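Inside the fold
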Amino acid sequence: MPTTPLMGAALHGCLAPLAAWGLIGLAGLLRPHSVRFVGRILFPLSALCGLALAWVGLTSLGQPVAQLVLPIGLPDLPFHLRCDALSGFFLTLLGATSVGISLFAAGYFRHGQGAAPGLLCLQYHIFLASMGFVLLADDAYAFMVAWELMAVSSYFLVTTQHRLAEIRSAGFLYLLIAHVGAVAILLSFGVLQGGSWQFTFDSMRAAQLAPQWATAAFLLALLGFGAKAGLVPLHVWLPEAHPAAPSPVSALMSGVMLKTAVYGLLRVTFDLLGGPLWWWGLIVLTVGLFSAFYGVIFGAVQTDMKRLLAWSSIENLGVILSGLGLAMIFHGLGMSALAALALIASLYHCLNHACSKSLLFLGTGAVLHGTGERNLGKLGGLIHPMPWVAWLMLVGVMAIACLPPLNGFVSEWLLLQAFLFVDTVPRPFVNMLLPVGAAIIALCTALAGYVMVKFYGIIFLGQPREPNLAQARDASRLERMGLIWLAAACVALGVFPVQVIGVLNTVSQGLIGTGLADPAAHWWLLAPAAARGAAYGPLVFLVVAAVVIVLTMLGVRLFYHRRVRRAPPWDCGFVRLDARMQDSAEGFGQPIRHIFQPFFLITRTLPTAFDRAPVYRVTVADRIWRYGYEPVGHVVRRLGDVAAVLQQGRISTYLLYSFVTLLVLLALVL
Amino acid sequence: MSPLALTTQVMEITAAIVAAPLFLGWVNQCRAWLQNRRAPSILQPYRGIRKLFHKDAVLAERASSLFRVTPYIVFGTMVLAAAIIPSMGTRLPLTVAADSIALVGLLATARMFMSLAAMDIGTAFGSLGARREMMIGFLAEPALLMVIFVAALISQTTSLAAIAERLSGATLAIYPSLAFTAVAFTLVLLAENARIPVDNPATHLELTMIHEAMLLEYSARHLALMEWAAALKLFNYACIGFALFVPWGLALERQGPAGLMASVPILALKLMAAGAGLALIETVSAKLRVFRAPELLATAFLLAVLGMLVHLLLGA
């Protein structure tokens with residue numbers, strides 16, 4: 001397809017940073033063992049590329065759709081690229097998040113962590129660039145190449161410390177489920193081409209599918225992208241792979257890669273299929289709500305800080321998918337203004353989760369470097385030796401817990417507003433179900449607060465649980481800059497929602513034809529449904545809260561003239577206080593284990609009265625793994641054993657096989 | 001922004017700050033009478049706060065700055081909440097800052113800071129209190145949101161002032177859904193404000209306490225602010241209840257200054273009735289074991305969801 005140079009201009013702008021990422025990656029091979037070269041030069045350059053990409057993505061939003069054909073790939077199958085508002089938005093997300101992560105990574109990667117820094121740099125940048133290509137691809141072939149490149153490069157990053165058996169198995173599980181998902185996506189594209197055998201997205205848009213085929217394509221896409229997004233029950237790789245990867249990579253995977261799955265689902269349902277049937281939304285909503293709930297309760301019982309965050313990612317992706325499901329229901333029923341509201345809430349949550357979860361993952365990286373410890377049971381009191389990390393992480397924690405005036409709250413607010421329009425839905429049955437959905441979202445948000453208090457309180461507050469924690473080193477300057485970038489993004493997204501929604505409106509208009517009506521009546525006041533009088537002004541909120549707090553401080557200072565003394569903690573007069581008397585991570589999760597017992601597979605080892613060294617141990621396992629995956633694994637192994645009988649290892653036997661096959665074929669032909 | 005609206009706003013904030021300890025004193029007085037004790041003066045909470053402001057502050061050696069700023073943040077958020085809740089009039093300039101969902105978020109922020117500060121020193125009591133508070137919180141918050149959703153669906157808005165205004169306009173209509181949610185709200189109020197049957201504000205017994213366990217390490221001005229904030233929280237919850245379930249008597253815009261003047265004694269009457277009712281509930285019920293509290297709050301949650309379904313089924 002010929003394109004005019006003008007149409008390709010925006011795309012060239014997007015391609016340049018991606019190509020630069022590729023080059024930076026290759027440059028890492030020049031001096032693969034030099035931490036200085038890779039860390040001080042290449043990664044900061046990469047952050048600049050991210051900034052450029054975010055800028056190009058943002059400016060492309062208002063422009064017409066750009067298309068381009070790259071003359072690479074197989075003969076007669078060139079790569080088609082296209083940049084519309086949806087791609088532009090996700091490119092901005094990728095670019096902006098990668099700035100913080102790359103800055104942090106510049107100070108993070110050191111020697112002695114498995115692969116050489118230069119090699120890591122190559123894998124890291126291929127990962128970044130492939131995510132960009134996923135967002136730009138405009139035919140199934142280019143999409144699958146980029147998608148697989150993303151999966152494989154991240155697999156190598158996950159298995160950076162490949163000498164540890166558990167990391168190898170985590171990587172394998174990740175690769176396996178990524179490929180199950182990829183097969184489903186491939187099949188979905190196969191259905192989508194609708195008999196034209198043209199695999200460009202343009203021809204898929206043009207294809208008219210019968211409802212049952214459209215449904216098949218949608219379900220396959222949901223399976224494929226759901227596997228990448230970590231939707232329950234395809235979530236099992238996530239709590240294994242995220243902790244195994246180095247922290248900047250966990251941040252990229254959780255913050256950005258999971259969002260490519262959201263992008264893919266949006267692309268297929270709203271763009272390629274030309275809009276969903278309303279009951280598809282019900283499926284997405286149910287899966288999303290269940291994932292959100294399942295993720296958050298499992299997050300609450302984790303004892304490894306990165307695993308806890310991984311479960312929290314499952315929760316957040318569940319929330320995003322619930323918003324998407326709601327948008328599909330509204331859109332399918334022809335209520336496009338409400339669909340826009342739910343869609344914008346969902347996209348907003350994508351941005352929020354990208355910033356705040358990356359921030360938290362990077363923070364765990366700083367903690368890991370400062371202390372060498374990932375187990376919550378061996379941390380504590382780090383706010384004293386690591387004040388920078390602690391205070392910046394507090395922003396991320398509040399954002400994930402959806403507290404005003406930070407960003408998480410804005411998307412929660414928008415989503416709940418969308419849920420509150422249930423009474424206008426013309427299906428009584430849906431009318432009854434949606435309030436329960438709103439209730440589950442409210443419950444998950446409140447539980448997220450619980451998880452985050454546990455996460456933050458146990459790592460940063462209290463007494464250090466190990467003696468060497470007092471000497472922990474705070475984050476280096478580059479690491480700090482990365483954290484500050486992401487924390488600032490969290491605050492900005494929380495305080496200026498109207499501006500963000502102005503941007504998201506163009507995405508919504510491009511995708512479903514409508515946006516929010518007049519979102520920018522006031523630049524400081526978020527009022528998406530002005531007729532209903534629902535309004536939230538985070539800036540006013542923040543300013544008034546700050547003024548009240550400062551006035552209280554001044555008032556107290558004016559009237560209070562007493563001294564402040566430091567003394568040992570009182571603790572009701574108990575004197576021999578030590579670190580083991582605080583709540584452990586297990587202890588903090590205990591109420592959740594108790595209340596939601598049916599969802600967990602709990603094994604307890606209880607001490608008896610006669611034990612010399614009494615041990616109490618409790619492990620919490622995932623029922624889905626035990627009763628879903630392990631039986632399948634057994635069956636596969638059995639089949640493998642049966643097939644192994646054929647393998648004798650003797651050449652004569654194999655010749656016999658060939659001979660028999662030949663005879664059978666001859667018999668068939670003759 | 002009209003001068004009347006501004007006056008209402010200022011009066012509401014001042015009234016909340018001043019009257020919150022009085023309301024607590026009134027509840028304590030009623031409780032004492034119901035239990036055949038001689039009641040302390042209604043000013044007793046003030047005396048307590050005054051006494052605390054005259055003492056040297058003792059901080060634990062390990063206390064971080066998070067521990068020191070938390071009392072101010074908690075007090076500030078409670079004052080902000082009082083500014084948003086329509087306790088006297090419905091024309092409040094600050095209601096644009098936050099609707100009822102944001103109000104719930106605001107209360108959650110205060111809870112989170114309090115829990116984090118409780119974990120800061122690293123005592124057994126502190127983390128126990130924090131854990132229990134968050135447990136009660138994650139059960140009570142969705143219930144409260146559902147209660148608010150029912151009122152929001154009835155009045156087609158999430159702004160608390162507008163909800164109160166619309167509900168007070170319909171004097172004769174009776175909403176069965178609101179009856180369910182009123183019960184749910186009462187349970188949430190008891191749990192969130194550390195009252196019997198969930199928590200006992202009068203004891204420091206380790207097996208039972210939640211709220212007090214978090215305050216153990218505070219002293220002097222910090223403790224005074226925390227206590228004051230707790231009183232404000234109770235006052236705020238009472239006013240949320242009034243706005244949702246008995247909104248009559250709030251000054252509407254058309255009533256002018258006279259309406260605002262009339263709303264003050266009405267608020268006082270409502271508070272006296274609510275305080276007496278709270279004391280009665282606390283006297284006739286027994287403290288629950290901590291692990292019974294989730295059942296109580298699950299009941300509240302289900303009642304609120306039921307209220308919503310009733311509303312959607314009956315349209316009322």
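Up top is the structure these notes are about.
Residues numbered from 1 in each chain as written. Chains lettered and ligands numbered in written order. Predicted model: local features only at pLDDT ≥ 70, side-chain atom pairs only at ≥ 80, totals over all residues.

Within chain A, the regular secondary structure consists of 22 helices and 5 strands. Relative to the compact-globule value of 26 Å for 670 residues, chain A shows a C-alpha radius of gyration of 26 Å, a close match. If one aligns the C-alpha atoms of chain A with their principal axes, the spans along those axes are about 105 × 70 × 60 Å. Here the analysis covers contacts within chain A between residues at least 6 apart in sequence; of these, 79% occur between residues at least 24 apart. (Helix = DSSP H or I, 4+ residues; strand = E, 2+ residues; numbered from the N terminus. Rg over C-alpha atoms; globule rule 2.2 N^0.38 Å. Contact = placed C-beta atoms within 7 Å.)

Moving on: helix α19 (residues 538-559) of chain A. The α-helix winds at 3.6 residues per turn, so residues separated by three or four positions along the chain end up facing the same way. Along its 22 residues, α19 of chain A runs 31 Å from first to last C-alpha, staying within 8% of the 32 Å computed at 1.5 Å per residue. Among the residues of α19 of chain A, Pro538, Phe541, Ala545, Val548 and Thr552 of chain A are the ones counted as buried. Down the axis of α19 of chain A, the sector holding all buried residues measures 100°, keeping them to one side. Opposite the packed face of α19 of chain A, turned more than 90 degrees from it, sit the exposed residues Val547, Val550, Leu554, Arg557 and Leu558 of chain A. Where α19 of chain A is buried, its residues contact α15 (407-419), α17 (477-495) and α18 (497-512) of chain A together with α3 (65-84) and α4 (100-120) of chain B. (Expected span 1.5 Å × (residues − 1). Buried ≥ 20, exposed ≤ 12 C-beta atoms within 10 Å, placed from the backbone. Arc of directions from axis to C-beta.)

Before going further, it helps to spend a moment on helix α22 (residues 651-669) of chain A. Here α22 of chain A contains 19 residues, and its C-alpha end-to-end distance of 27 Å stays within 8% of the 27 Å for a straight helix at 1.5 Å per residue. Here α22 of chain A lies mainly on the outside; 0 of its 19 residues are buried.

This brings us to the packing of helix α5 (residues 124-155) of chain B against helix α7 (residues 176-192) of chain B. Residues and elements named next belong to chain B. Orientation of α5 relative to α7, taken along the N-to-C sense of each, is 150°, at an axis distance of 9 Å. On the basis of the axis angle, α5 is roughly antiparallel to α7. Our pair here, α5 against α7, has a crossing hand that is left-handed. Residues Ile136, Ala140, Ala143, Leu144, Val147 and Val150 of α5 pack against Ser177, Leu178, Thr181, Ala184, Phe185, Val188, Ala191 and Glu192 of α7. Looking at the contact of α5 with α7 residue by residue, the class counts come to 11 nonpolar, 2 polar and 1 charged. (Axes fitted to C-alpha atoms, helices over the stretch in contact; angles between N-to-C directions. Parallel < 35°, antiparallel > 145°, perpendicular 65-115°, else oblique. Left-handed = near helix turned anticlockwise from the far one by under 90°. Nonpolar A, V, L, I, M, F, W, Y, C, P; charged D, E, K, R; others polar.)

In this section: the environment of Ala151 of chain A. Residues and elements named next belong to chain A. Turning to its location among the elements, Ala151 is positioned in helix α5 (residues 140-158). Between the C-alpha atoms of Ala151 and Gly171, which are 20 residues apart in sequence, the distance is 11 Å. Setting aside its immediate chain neighbours within four residues, Ala151 contacts Leu175, Ala178 and Ala182.

Moving on: the pairing of strand β1 (residues 66-74) of chain A. Residue and element names in this part refer to chain A. Inspection of the sheet shows β1 paired to strand β2 (residues 77-83) by 7 bridges, in the antiparallel sense. Bridging from a neighbouring strand, Leu68 pairs with Leu81 of β2. Here β1 folds back onto β2 in antiparallel fashion, the turn holding 2 residues, of which Asp76 has a positive phi close to 70°. (Pairing = 2+ DSSP bridges.)

Below, the discussion takes up the packing of α7 of chain B against helix α9 (residues 220-245) of chain B. All names here are of chain B. Between α7 and α9, the shortest axis-to-axis distance is 11 Å and the interhelical angle comes to 175°. As far as their axial angle goes, α9 and α7 are roughly antiparallel. Taking contact as the criterion, the partners of Leu178, Ala182, Phe185, Leu189 and Glu192 in α7 are, on α9, Tyr237, Gly241, Leu244 and Phe245. Per-class residue counts for the contact of α7 with α9 are 7 nonpolar, 1 polar and 1 charged.

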